[in-house]
Amino acid sequence: MDYDIGVLQHLASLPQSEQARVIAALSPQDRERLRAYTRRQAWENGALSYKWHATQQKIDAAVTQSQRRQFFLLCSRRTGKTYYLLCRLFSRAIRQPGARLLYLAPFAKDAAEIANDVAVRILEDCPEDLRPDYNSQTKEFVFKRTGSIVRLKGVNNEHARQLRGGATDEIVLDECGSMDSLSSVVSDVCLPMTMTTGGLLLFATTPAEAPDHDARRIYDNLAASDPAIKFTIRDTPHVDDAEKTVILRELGEEPADIPDMLAGRKTPKTTSAQREYWCYWVTDASKAVVPEFTPQAQSEIVREWPRPEYYQTYVSMDPGAKDKTGVLFAYWDWLNARIVIEDELLLTHPGTDRIAAEITEVEERLWGPARDPRRFLDSSGDGGLRLIADMSRLYDLRFRPAQKDNSMAAVNLMRHSVATRELVIHPRCKHLIRQLESAIWNNSAKDFARVGDGANQHHFDLVACLKYLVRSVDRSSNPYPGSYFAVGGRFGRKPGTWVSPKSRKKNDGLGLYSDTPLGRKLAKRK
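To keep things clear, this report deals only with the structure shown in the data block.

Calculation rules
Residues numbered from 1 in each chain as written. Predicted model: local features only at pLDDT ≥ 70, side-chain atom pairs only at ≥ 80, totals over all residues. Heavy atoms only, no water. Pairing = 2+ DSSP bridges. Helix = DSSP H or I, 4+ residues; strand = E, 2+ residues; numbered from the N terminus. Axes fitted to C-alpha atoms, helices over the stretch in contact; angles between N-to-C directions. Phe/Tyr/Trp six-rings, centres within 6.5 Å; stacked < 30°, edge-to-face > 60°. Buried < 20%, exposed > 50% of the residue type's maximum accessible area, 1.4 Å probe, protein only. Lys NZ or Arg CZ within 6 Å of the ring centre and 35° of its normal. Salt bridge = Lys/Arg side-chain N within 4 Å of Asp/Glu carboxyl O. Arc of directions from axis to C-beta.

What to know about the sheet that holds strand 8 (residues 228-231)
For step 1, the next point in the chain: The strand order 3-4-5-2-6-7-1-8 describes an open sheet built from eight strands, whose pairing is mixed. The open sheet has two free edges, formed respectively by strand 3 (133-135) and strand 8, since each of these has just one partner strand. Averaged over all adjacent pairs, the angle separating strand axes in this sheet is 15 degrees, with direction ignored.
For step 2, the next point in the chain: Judged from the three bridges that link them, strand 3 and strand 4 (residues 140-143) form a sheet pairing that is antiparallel.

Encoded structure:
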């Protein structure tokens with residue numbers, strides 16, 4: 001039997017059941033010939049979508065329909081994203097003569113492994129005369145028939161600098177959540193390379209271990225305007241439930257809960273499962289500086305709080321040279337025993353004049369010009385004491401050195417403030433909230449990790465401010481005037497009433513006897 005495009009078009013026009021009937025009626029030799037012919041047609045035309053499962057098909061449809069120059073694919077492990085991404089580039093290399101396409105991985109060894117593993121699986125049914133040449137030195141696939149090139153490169157350890165120059169039609173950033181200096185890779189390398197081609201930047205990753213990674217900022221920005229899509233382990237048709245159950249049990253999930261998780265009725269409890277398979281931007285509990293700042297804790301801590309009539313205000317600063325300068329503005333609500341964070345500043349390489357101006361503006365806006373907050377800053381390092389002197393002499397802002405001894409005790413006190421809900425954070429303090437969510441220890445677990453790069457680099461500076469603050473708050477001094485609680489005073493009790501510590505449950509909740517004969521008798525006795 002001879003096959004031509006007309007035969008294939010006729011087969012494709014038939015209902016699926018009819019196609020199956022026609023193919024089943026063929027001899028084994030004809031079926032194999034038909035299979036070989038259709039595969040060749042697919043490779044000649046770059047129509048490789050037959051290699052994708054249902055979720056990969058959905059991913060491609062979303063990317064194609066987006067018509068945007070940037071797209072973010074957030075997906076769980078075992079989704080087959082790397083297979084899809086490289087297959088997509090191969091398809092375009094065939095369909096677009098002279099295309100220049102770039103696949104970026106975190107490390108060069110990752111790119112080599114992809115060439116030796118994923119690419120081999122993609123090309124296993126490619127006709128020999130259509131197969132691209134692979135140069136293991138340059139890590140390039142060259143498609144001879146179209147002149148297109150697919151390059152595979154790593155970006156970490158300064159390797160991104162070697163990629164500059166040369167127009168590119170599409171760039172895939174696979175596992176961008178593990179890329180160092182992602183913002184710089186995008187702004188300094190990828191955007192210039194696609195400027196003249198209108199090329200696509202396709203980001204793909206599972207959530208980073210530190211949710212404050214540049215990848216999350218990019219994802220949040222794109223997801224807000226739609227060019228982003230997310231798939232979890234529930235969207236992996238090629239992985240059966242038995243295998244998914246094994247994976248989740250190994251991560252520490254309760255076996256009895258797993259069926260409900262896979263059905264969407266429950267969410268996983270372990271941070272590994274939440275991040276790697278449900279695509280939550282969560283911090284690994286074993287690395288988190290404040291593991292108590294859970295979603296439940298956040299929902300109770302982050303809220304607006306009615307400011308009392310009397311309170312003591314505080315300003316806590318963590319000045320930075322190569323890091324950012326963070327400042328928190330807070331007060332101690334003595335009656336309710338709450339540290340209330342009202343506002344924040346997060347400044348990039350500011351001068352002393354800007355720091356002073358910003359602090360003065362926020363203090364006056366929050367508390368008025370008459371307030372006299374207690375101010376503290378990290379005075380360690382060469383410039384700390386000089387900053388205290390300059391702020392006092394030049395700007396009349398008096399700071400004291402923050403207590404720095406036994407840093408772990410200060411961290412534990414901060415964690416205790418979160419766990420006991422002593423802390424209240426105003427919703428406008430978005431940077432503090434994000435840093436509490438994502439703050440992690442460095443590899444030695446002795447200091448906070450440094451994350452980001454360029455303008456986005458930070459050292460969880462607002463968490464450091466909070467650490468100094470919880471230690472500096474005077475929790476015992478009463479800010480209210482003495483007459484405020486006296487009998488007949490503004491918050492005092494009516495004359496002739498008596499307060500019983502035992503009456504809280506049987507009276508009106510304030511522990512008071514009303515002005516009854518017994519109350520008058522007890523008052524006289526007193």
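Looking at the packing of aromatic side chains
For step 1, the next point in the chain: Scanning all chains against the criterion turns up twelve aromatic pairs.
For step 2, the next point in the chain: Between F90 and F141 the ring centres are 5.1 Å apart and the planes differ by 65 degrees, which places this aromatic pair in the edge-to-face class. Placement of the pair is F90 in helix 5 (residues 81-95) and F141 in strand 4, with a sequence separation of 51 residues. Across this residue pair, the class does not change: F90 and F141 are buried.
For step 3, the next point in the chain: Between the aromatic rings of F329 and W367, the centroid separation amounts to 6.3 Å while the plane-to-plane angle is 55 degrees, which identifies the pairing as tilted. With F329 in strand 10 (residues 325-333) and W367 in helix 14 (residues 352-367), this residue pair connects regions lying 38 residues apart in the sequence.
For step 4, the next point in the chain: Judged by relative accessible area, W367 falls into the buried class, the value being 7%.
For step 5, the next point in the chain: Positioned over the ring face of W332 is R475, at 5.8 Å from the centre of the ring.

Comments concerning the pattern of salt bridges
For step 1, the next point in the chain: Under the defined criterion, the tally for this structure stands at 41 salt bridges.
For step 2, the next point in the chain: The shortest N-O distance in the salt bridge between D174 and K81 comes to 2.6 Å. Of the two residues, D174 is situated in strand 6 (residues 170-174) and K81 in helix 5; the sequence distance between them amounts to 93 residues. No difference in accessibility class separates D174 from K81, as the two residues are buried.
For step 3, the next point in the chain: Ionic pairing is found between D474 and R374, a salt bridge with its closest N-O pair at 3.6 Å. Of this pair, D474 sits in the loop between helix 18 (461-472) and strand 15 (498-499) while R374 sits in strand 12 (residues 374-377), placing them 100 residues apart in sequence.
For step 4, the next point in the chain: Its relative accessible area of 27% is what places R374 among the partly exposed residues.
For step 5, the next point in the chain: Residues joined by salt bridges that share partners form a network here, namely R77, K81, D174, E175, R275 and E276.

Regarding unusual backbone geometry
Glycine aside, negative phi is the norm for most residues, and most peptide bonds take the trans geometry.
For step 1, the next point in the chain: Backbone geometry places Q67, a non-glycine residue, at a positive phi of 60 degrees.
For step 2, the next point in the chain: Relative to the helices and strands, Q67 is located in the loop between helix 4 (54-66) and strand 1 (70-75).
For step 3, the next point in the chain: One non-glycine residue with positive phi stands out, namely N406, at about 50 degrees.
For step 4, the next point in the chain: Tracing the sequence through the fold places N406 in the loop between strand 13 (399-401) and helix 16 (407-419).

With respect to the pairing of strand 11 (residues 338-347)
For step 1, the next point in the chain: Most of strand 11 is tucked away, with eight of its ten residues classed as buried.
For step 2, the next point in the chain: Strand direction decides the pairing type here: strand 10 and strand 11, joined by nine bridges, are antiparallel. Paired with G326 across the two strands is L346, which belongs to strand 11.
For step 3, the next point in the chain: Here strand 10 hands over to strand 11 after four residues, with A337 in that stretch at a positive phi of 55 degrees.
For step 4, the next point in the chain: Pairing analysis gives three bridges linking strand 11 to strand 14 (residues 423-425), with the strands arranged parallel. Following the sheet pairing, I341 is matched in strand 14 by I425.

Describing helix 6 (residues 108-116)
For step 1, the next point in the chain: Buried residues of helix 6: D110, A111, I114 and A115, and no others. Viewed along the axis of helix 6, the buried residues span an arc of 140 degrees, placing them on a single side of the element. Away from its buried face by more than 90 degrees, helix 6 exposes K109 and N116.

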